[in-house]
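Listed below are the residues making up each chain.
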Amino acid sequence: FAETYRQVSRRDIVEVAHMELAEPTIEDAFRRCVQRGATRVVVSPYFLSPGRHVQEDIPQLVAEASAQFPEVPCVIAQEIGVDPLVAQIMENRIVAALDGLE
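Heads up: these notes are all about the structure in this document.

In this structure, Pro24 follows Glu23 across a cis peptide bond, with omega equal to -5°. Mapped onto the elements, Pro24 comes out in the loop between helix H1 (2-9) and helix H2 (26-35). With phi around 65°, Arg10 is a residue other than glycine that occupies positive phi space. Positive phi outside glycine occurs at Leu21, with the angle close to 70°. Turning to its location among the elements, Leu21 is positioned in the loop between H1 and H2. Relative accessible area serves as the criterion here: at 89%, Leu21 is assigned to the exposed category.

If you check which residues of H2 are buried, you get Ile26, Ala29, Phe30, Cys33 and Val34. End-on, the buried residues of H2 take up no more than an arc of 140°, which puts them together on one face. On its buried face, H2 sits against strand E1 (41-43), helix H3 (52-66) and strand E2 (74-76). Backbone geometry just downstream of H2 places Gly37 in the positive-phi region, at approximately 105°.

Okay, the environment of Cys33 next. As for its placement among the helices and strands, Cys33 is situated in helix H2. A residue is classified by how much of its surface remains accessible, and Cys33, at 11% relative accessible area, is buried. Through-space distance from the C-alpha of Cys33 to that of Asp57 is 20 Å; in sequence the pair is 24 residues apart. Ignoring anything within four residues of it in the chain, the contact list for Cys33 reads Ile13, Glu15, Ala38 and Val41.

What follows deals with the packing of H2 against H3. As a packed pair, H2 and H3 sit with axes 9 Å apart at the nearest point and diverge in direction by 40°. Comparing their axes, H3 and H2 come out oblique. The handedness of the crossing between H2 and H3 is right-handed. For the pair formed by H2 and H3, the contact residues are Ile26, Glu27 and Phe30 on the first element and Leu61, Val62, Ala65 and Ser66 on the second.

This part is about the side chain of Ser66. Among the structural elements, Ser66 can be located in helix H3. Residue Ser66 is classed as buried on the basis of its relative accessible area, which comes to 18%. Discounting residues that sit within four places of it in the chain, Ser66 has contacts with Phe30 and Cys74.

Turning our eyes to something else, we now look at the packing of aromatic side chains. The description of an aromatic ring pair rests on the distance of the ring centres and on the angle between the ring planes. Per the stated rule, a full pass over the model turns up three aromatic pairs. For the pair Phe1 and Tyr46, a centre-to-centre distance of 5.0 Å together with 50° between the ring planes defines the contact as tilted. Of this pair, Phe1 sits in the segment before H1 while Tyr46 sits in the loop between E1 and H3, and the two are 45 residues apart along the sequence. For Phe1, a relative accessible area of 63% translates into the label exposed.

Each value, and the rule that gives it
Residues numbered from 1 in each chain as written. Predicted model: local features only at pLDDT ≥ 70, side-chain atom pairs only at ≥ 80, totals over all residues. Heavy atoms only, no water. Helix = DSSP H or I, 4+ residues; strand = E, 2+ residues; numbered from the N terminus. Buried < 20%, exposed > 50% of the residue type's maximum accessible area, 1.4 Å probe, protein only. Arc of directions from axis to C-beta. Contact = heavy atoms within 4.5 Å. Axes fitted to C-alpha atoms, helices over the stretch in contact; angles between N-to-C directions. Parallel < 35°, antiparallel > 145°, perpendicular 65-115°, else oblique. Left-handed = near helix turned anticlockwise from the far one by under 90°. Phe/Tyr/Trp six-rings, centres within 6.5 Å; stacked < 30°, edge-to-face > 60°.

So yeah, pure geometry; function would need other evidence.
Here it is in structure tokens:
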């Protein structure tokens, strides 16, 4: 996904991170961004709803990571959430699945 986003956004520094159970961690990704020359970091949660991970876990992990680089401003973007584009993607997938049944 990072490569696809990098191409669409035309941003040079894009890193993927995981909260738990997989690497790289948020701390690892934050560090990589800074090492690659980021002068600010935006964490974009890849979640559809603002549950506990978005409201509590991610802010805590981001705060811990950003504390290591106080000179680099950091912000957390809103989760993907309920958006008409997400609904359209879902509809596209459903139509394709139904086409496969015919």
